[in-house]
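# Breakdown of the fold
Single-letter residue listing:
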Amino acid sequence: MNGSRRNPIISFKVLSWNSLYSGSNKSRVYHPILCLKRSGNDNSGSCSPSCYIEQMYRNRMFSQPIRRCKKIFIDKQSLLVIQNGLAFIPRKFKSSLRKTLKHSELFKSIVPEIFVRSCIGLMLVMAVNAAVVKAPSFALTEENLLFLEAWRTIDRAYIDKTFNGQSWFRYREDALRNEPMNTRQETYAAIKKMLATLNDPFTRFLEPEKFKSLRSGTQNALTGVGLSIGYPLGKNESASGLVVISASPGGPANRAGISSGDIILQIDNTSTENMGIYDAAERLQGPEGSGVELTVLHGSERRQLPLIREKVSLNPVKSRICKLPTGGDDAPLIGYIKLSTFNQNASGAVREAIETLRKNNVKAFVLDLRDNSGGLFPEGVEIAKIWLDKGVIVYICDSRGVRDIYDTDGSNVVAASEPLAVLVNKGTASASEILAGALKDNKRAQLFGEPTYGKGKIQSVFQLSDGSGVAVTVARYETPAHNDIDKVGVTPDHPLPASFPKDDESFCNCLQNPAAACHIDRVELFSK
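The structure presented is a predicted model; accordingly, all values stated were derived computationally and were not measured.

### Comments concerning the overall build of the protein
Along the backbone of the protein there are 14 helices and 26 strands. A buried classification covers 46% of the 528 residues belonging to the protein. Partitioning the intrachain contacts of the protein with sequence separation of at least 6 by distance along the chain shows that 64% fall at a separation of at least 24. For the protein, the accessible surface area stands at approximately 26,100 Å², while carbon and sulfur atoms represent 51% of it.

### Examining unusual backbone geometry
Negative phi characterises most residues that are not glycine, and trans characterises most peptide bonds. Positive phi, normally seen in glycine, also occurs at Asn164, with a value near 60°. Within the secondary structure, Asn164 is located in the loop between helix H4 (142-157) and helix H5 (168-178). One non-glycine residue, Asn361, lies in positive phi territory at about 65°. By secondary structure assignment, the location of Asn361 is in the loop between helix H10 (346-359) and strand S20 (364-368).

### Details of helix H11 (residues 377-387)
Across the 11 residues of H11, 9 count as buried, placing the element largely inside the fold. For H11, the full list of buried residues reads Phe377, Glu379, Gly380, Val381, Ile383, Ala384, Lys385, Ile386 and Trp387.

### Observations regarding the confidence of the model for the protein
For the protein, the mean per-residue pLDDT works out to 76, and 69% of the residues sit at or above 70. When the criterion is pLDDT under 50, residues 1-90 qualifies, and its contacts beyond four places in sequence or with other chains add up to 202 contacts. Confidence drops under a pLDDT of 50 for residues 130-137, and excluding neighbours within four residues, the segment shows 3 contacts in the predicted structure.

### What about the packing of H10 against H11?
Two numbers describe a pair of packed helices, the interaxial angle and the distance between the axes. Taken N-terminus to C-terminus, the directions of H10 and H11 make an angle of 20°; their axes are 8 Å apart at the nearest point. With respect to H11, the element H10 is oriented roughly parallel. The element H10 and its partner H11 pack so that their crossing is right-handed. Touching Ala346, Ser347, Val350, Arg351 and Ile354 of H10 are Glu379, Glu382, Ile383, Ile386 and Trp387, all from H11.

### Regarding the sheet that holds strand S24 (residues 446-449)
Here 5 strands make up an open sheet; going across it, the order is S18-S19-S20-S23-S24 and the pairing mixed. Both edges of this open sheet fall to strand S18 (317-323) and S24, since each of them pairs with a single strand only. Taken over all neighbouring pairs, the strand axes of this sheet differ in orientation by 20° on average, direction set aside. Sheet analysis places strand S23 (residues 420-424) next to S24, joined by 4 bridges and oriented parallel. Paired with Ala421 across the bridge in S24 is Gln446. Across the sheet, helix H13 (residues 504-512) is in contact with S18, strand S19 (333-339), S20 and S23; its angle to S18 comes to roughly 25°.

### Details of the packing of H4 against helix H6 (residues 184-196)
Look at H4 against H6: their axes get within 9 Å of each other, and the N-to-C directions meet at 25°. The orientation of H4 with respect to H6, classified from their angle, is roughly parallel. The interaxial crossing formed by H4 with H6 has right-handed handedness. Side by side, H4 and H6 meet where Glu142, Glu143, Leu146, Phe147, Ala150, Trp151 and Ile154 of the first sit next to Arg184, Thr187, Tyr188, Ala190, Ile191, Met194 and Leu195 of the second. Class assignment of the residues belonging to the contact of H4 with H6 gives a composition of 10 nonpolar, 1 polar and 3 charged.

### Topic: the packing of aromatic side chains
Following the criterion strictly, the structure yields 10 aromatic pairs and no others. On the numbers, 6.3 Å between centres and 25° between planes, the contact of Tyr158 with Phe163 is stacked. Relative accessible area serves as the criterion here: at 5%, Tyr158 is assigned to the buried category. Considering the side-chain rings of Phe163 and Trp168, the 4.9 Å spacing of their centres and the 10° angle between planes classify their relative orientation as stacked. The ring centre of Trp151 lies 4.8 Å from the NZ or CZ of Arg172, which sits over that ring. Lys455 extends its terminal NZ or CZ atom over the ring of Phe202, reaching a point 5.0 Å from the ring centre.

### Looking at the state of the cysteines
Summed over all chains, the structure comprises 2 disulfides. Residue pairing for Cys322: its cysteine sulfur links by disulfide to Cys508, the two sulfurs lying 1.8 Å apart. The disulfide joining Cys322 to Cys508 has a torsion of about -65° about its S-S bond and is therefore left-handed. Of this pair, Cys322 sits in strand S18 while Cys508 sits in helix H13; the two residues are 186 residues apart in sequence, bridging distant segments of the chain.

### Some points on the pattern of salt bridges
If you walk through the whole model with that rule in mind, you get 18 salt bridges. Residues joined in a network through salt bridges with shared partners are Glu142, Glu143, Arg184 and Asp466.

### Some words on helix H9 (residues 277-284)
Turning to H9, its buried residues number three or more, namely Ile277, Ala280 and Leu284. What you see down the axis of H9 is that its buried residues fit within an arc of 60°, all on one side.

What counts and what doesn't
- Residues numbered from 1 in each chain as written.
- Predicted model: local features only at pLDDT ≥ 70, side-chain atom pairs only at ≥ 80, totals over all residues.
- Heavy atoms only, no water.
- Helix = DSSP H or I, 4+ residues; strand = E, 2+ residues; numbered from the N terminus.
- Buried < 20%, exposed > 50% of the residue type's maximum accessible area, 1.4 Å probe, protein only.
- Contact = heavy atoms within 4.5 Å.
- Areas by Shrake-Rupley, 256 points an atom, 1.4 Å probe, with all protein chains shown as cover.
- pLDDT = per-residue confidence, 0-100.
- Axes fitted to C-alpha atoms, helices over the stretch in contact; angles between N-to-C directions.
- Parallel < 35°, antiparallel > 145°, perpendicular 65-115°, else oblique.
- Left-handed = near helix turned anticlockwise from the far one by under 90°.
- Pairing = 2+ DSSP bridges.
- Nonpolar A, V, L, I, M, F, W, Y, C, P; charged D, E, K, R; others polar.
- Phe/Tyr/Trp six-rings, centres within 6.5 Å; stacked < 30°, edge-to-face > 60°.
- Lys NZ or Arg CZ within 6 Å of the ring centre and 35° of its normal.
- Disulfide = S-S within 2.5 Å.
- Salt bridge = Lys/Arg side-chain N within 4 Å of Asp/Glu carboxyl O.
- Arc of directions from axis to C-beta.

Laid out in structure tokens, this is it:
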């Protein structure tokens, strides 16, 4: 248990088979020896040969039959329980010791009690010595230690402390005893099997290559078709496939006409109906120049689309200046910032874009989060601090409620006073929703567009000692107004015209041309 959390307190009640309550004990769990310390006196008088010991652990009870003589017990797992502790008993000693205990009342009438106690004490010493001699059979292998490392990561970080209604400690012991872990692949299989019991598609194991690929996806570039995908939510829940959250601008999928809300039905003739999003992401990635064929449902139209994988740049920010037609040289200037992902460069790139636009006398900003499927949670928080001089950014919650609060005191603010509008759509997800919710609830900006995707869970990625990793759902979040947006999304303040474009050049045209179908008035855009 080295490095694990503080051991929980476990309560024991000793009950006679056909009698009333007879006493209680408390212990802390250690492995393989469990030490008991009495928390009360045993005033039960005489005891029957059979009784039960009830162990209440995290509000779940289970019982084990044991034998009892005064303050000495033996249970069905070959543990000798005495007043000051308990120890494992090798199988060859178990039968004889049980017989000794069973007939102890008879021995008392023939042999002095001190002799009985001495015999049992001698057997206990022999049992402990035998356990020490056989210690190598309990030794943990390198594969066992890797499994325990993954188990401990989940134990510490996972949001649901009931672990989907199971005893997480018992699962560990059963897995070490029963799951084959002779090779690295068998250990990986055991870890995946363990995570599957949580029934959480976002908590998953990453083999070393997948872990490396994930890290590169939050840093520089990926080789693939430029798609962010997720499970169908809301009106798409009945769809048999995976939903497109966003398509990277200029990427292979985007050029082929794939857009947010489309359903991927097949990848290379393999149905996605029961496919996990991470399995699908792995299939979509591959060597640069290689091909992959997608079957996509666009509205009611089913399309077969052959795509060529390429390196998709993850430059997170594009910006430009939109000059309105009125006012001549003094016409208002609007700074447009398109944020496409939250990688490790995102907050710095947004800060740099604001400063550059300011040097060109920009007096108002539009932050476009459409088709931004998220990324690194800390970057979302840092970008919120750029726009807010004070206030809560997000509440982090677990099964017991709020456990942490991210807020800002204005020390990192860059643009707290200029008018700001934020554009969102159904491809706005995860960290993008945190940012959008923070700006809306703090009344820093108006939101325009359509309800966002609705991914209200937070995952952290933990690296294991062999280079593999575990992505773990560590929390859910609420916006500053305590809205849980999971599977619901953030609701915008105003819709956008149906024909409103997604590229920066056309966006400026919609502001400049009152006759355009996508036109939106500047006053409306920045009103509060």
